[in-house]
Amino acid sequence: MASSSDRVLNAGVLGATGTVGQRFIVLLAQNPMFRIHSLGASERSAGRPYRQATKWKMSELMPEEVRDVAVKPCDPAHFAGCDVIFSGLDASVAGDIEKAFMEGDFAVFSNAKNYRMVPNVPLCVPVVNTDHYSLISGQRAHYGLKKGFVVTNSNCSTSGLVVPLKALQDRFGPLNRVIVTTLQAISGAGYPGVASLDILDNIVPLISGEEPKMEAEVLKILGGVNDSATACVPLSDLKVSATCNRVPVVDGHTECVSVEFAGTPPSIEEIKQCLRDYTCEAQDIGCYSAPKQVISVTDEEDRPQPRLDRNAGEGMSVTVGRIRECSVFHVKFTLLVHNTVLGAAGASILNAEYAAKKGFL
């Protein structure tokens, strides 16, 4: 019998008409590991062909295979035959719906914030902390499930930050303090998103709830798992301070980062080489969406830039540049992450690819 890593998996998408759901559809249509089986959205969209139920906002054309698919209510009873569920639901409704699918014994990969900080739920950036998948057995035991579980990906801005931090932590030991200032694209706010009169010719120096999410998620992702594999153990010594801003860019979050090491700091050249050398398990086991280069280090003094660098590694790589000494901490740099690919749908899909390869599906 074929394992889940070498057969095509039937995928259901919740919140399929939203911008994250649309990104899921674009990426899944290009991915040989998955077949789009079912699309779910709100009751007002249910029963309508997908092409009529959604306002398509992707730069790519709507895939032909979904145009006439009838949208279903987000109820597990309508998703029989799905091997995996991807959730692009808004947090205002995601909690109860995702729980119902998990309890219905579905494997749920969520982009929503609702379960990210639950101790027995992996908060996984798939190029960083796939070791947290060891929590799944305990999660299943806790809820009395055979196949079901929930894995979440991080906030879009967190996903870019933790990649170079993980590389530095692994090579040079614990980090002491991190300060990050984000310049976040409008696509991160969904559709219709930020009003044009608020964002054109402007920067909005507040994204509600974003800063505490970043500060907490980094500690969980870079932390470990307890001996019984029943709960994550976030880092306790690392301090993270985040300031988040919305800027008039469509896609691609830029982040300015300063890092202090707990021990003797490495040289700038050692840091650059560390970032270039970084690899992850998803690459090692041949996951389709894993980038060839997890961290793309640029020596050009005016990079990264969203328009030029957001599609590095098909949107799954993090580009890091302007690596230099910091007069307050030890090193500072600028990074760029594609917020709807590695920062959202792409991370969930790579999480599912990893789960299939490792026998969780």
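All of these numbers come straight from a predicted model, not from anything done at the bench.

**Remarks on the overall build of the protein chain**
Each helix and strand in the protein chain was counted, giving 12 helices and 14 strands. Taking 21 Å as the expected radius of gyration for a compact globule of 361 residues, we find that the protein chain reaches 20 Å, a close match to that expectation. With the C-alpha coordinates of the protein chain rotated into their principal frame, the extents come out at 60 × 50 × 30 Å. Looking at the protein chain as a whole, 55% of its 361 residues are labelled buried. Within the protein chain, residue pairs in contact and separated by at least 24 positions form 75% of the contacts whose partners lie at least 6 positions apart. In the structure as shown, the protein chain presents an accessible area of about 15300 Å², 49% of it carried by carbon and sulfur atoms. Taken as two groups, the 34 positive and 39 negative side-chain charges of the protein chain have centres that lie 4 Å from each other.

**Structural notes on the environment of glutamine 30**
Position of glutamine 30 relative to the elements: it lies in the loop between helix H1 (19-29) and strand E2 (34-41). For the pair glutamine 30 and proline 63, spaced 33 residues apart in the sequence, the C-alpha separation amounts to 9.2 Å.

**Considering the sheet that holds strand E13 (residues 318-325)**
Taken together, the six strands give an open sheet; going across it, the order is E10-E7-E11-E14-E13-E12, and neighbouring strands pair in mixed fashion. Whereas interior strands pair on both sides, the edge strands pair on one side only; in this sheet they are strand E10 (239-246) and strand E12 (295-297). Neighbour to neighbour, the strand axes of the sheet diverge by 20 degrees on average, direction disregarded. Pairing analysis gives eight bridges linking strand E7 (residues 175-184) to E10, with the strands arranged parallel. When the bridges of E10 are listed, arginine 177 appears paired with lysine 239. Against the sheet, helix H9 (residues 268-277) touches strand E11 (253-261), E12, E13 and strand E14 (331-337), its axis set at about 170 degrees to E13.

**Observations concerning the packing of aromatic side chains**
Tallied over the full model, the rule gives 10 aromatic pairs. Both rings, one in phenylalanine 34 and one in phenylalanine 86, keep their centres 5.6 Å apart while their planes meet at 80 degrees; by these two values the pair is edge-to-face. Placement of the pair is phenylalanine 34 in strand E2 and phenylalanine 86 in strand E4 (residues 84-87), with a sequence separation of 52 residues. With centroids separated by 5.2 Å and ring planes inclined at 80 degrees, the aromatic side chains of phenylalanine 79 and phenylalanine 101 adopt a geometry described as edge-to-face. Pair noted here: phenylalanine 79 is in the loop between strand E3 (72-73) and E4 and phenylalanine 101 is in helix H4 (residues 91-103), with a separation of 22 residues, a long-range link. Cluster of aromatic residues (ring-pair linked, three or more members): Phe24, Phe34, Phe86, Phe109 and Phe149. Sitting above the plane of the phenylalanine 79 ring, lysine 72 keeps its charged end 5.8 Å from the centroid.

**Comments concerning the nonpolar core**
Soluble globular proteins tend to bury their nonpolar side chains together. The biggest cluster of nonpolar side chains holds 84 residues, and the ones touching the most others in it are Phe34, Phe86 and Phe109. Discounting residues that sit within four places of it in the chain, phenylalanine 34 has contacts with Val8, Leu9, Ala11, Leu28, Val84, Phe86, Ile349, Ala352 and Glu353. By size, the runner-up hydrophobic cluster in this structure holds 17 residues, among which are Phe79, Ile97, Phe106 and Val121.

**What to know about H9**
Three or more residues of H9 are buried, namely Ile268, Ile271, Lys272, Cys274 and Leu275. Projected onto a plane normal to the axis of H9, the buried residues spread over an arc of 160 degrees and lie on a single side. Elements in contact with the buried residues of H9: helix H6 (156-172), E11, E12, E13 and E14.

**Considering the pattern of salt bridges**
Tallied over the full model, the rule gives 14 salt bridges. Glutamate 60 serves as the salt-bridge partner of arginine 23, at 3.4 Å between the closest nitrogen and oxygen. Of this pair, arginine 23 sits in helix H1 while glutamate 60 sits in the loop between helix H2 (50-53) and helix H3 (64-67), placing them 37 residues apart in sequence. Exposure remark for arginine 23: the relative accessible area of 8% places this residue in the buried category. Residue classification places glutamate 60 among the partly exposed residues on the basis of a relative accessible area of 30%. Of the charged contacts, one joins lysine 272 and glutamate 269 as a salt bridge, the two residues approaching to 3.8 Å between their closest N and O atoms. Taken as a pair, lysine 272 and glutamate 269 lie in helix H9 at a separation of three residues, close to a single helical turn.

Cut-offs used in this document
- Residues numbered from 1 in each chain as written.
- Predicted model: local features only at pLDDT ≥ 70, side-chain atom pairs only at ≥ 80, totals over all residues.
- Heavy atoms only, no water.
- Helix = DSSP H or I, 4+ residues; strand = E, 2+ residues; numbered from the N terminus.
- Rg over C-alpha atoms; globule rule 2.2 N^0.38 Å.
- Buried < 20%, exposed > 50% of the residue type's maximum accessible area, 1.4 Å probe, protein only.
- Contact = heavy atoms within 4.5 Å.
- Areas by Shrake-Rupley, 256 points an atom, 1.4 Å probe, with all protein chains shown as cover.
- Lys, Arg positive; Asp, Glu negative; His and termini not counted.
- Charge placed at Lys NZ, Arg CZ, Asp CG, Glu CD.
- Pairing = 2+ DSSP bridges.
- Axes fitted to C-alpha atoms, helices over the stretch in contact; angles between N-to-C directions.
- Phe/Tyr/Trp six-rings, centres within 6.5 Å; stacked < 30°, edge-to-face > 60°.
- Lys NZ or Arg CZ within 6 Å of the ring centre and 35° of its normal.
- Core = buried A, V, L, I, M, F, W, Y, C linked by side-chain atoms within 4.5 Å.
- Arc of directions from axis to C-beta.
- Salt bridge = Lys/Arg side-chain N within 4 Å of Asp/Glu carboxyl O.

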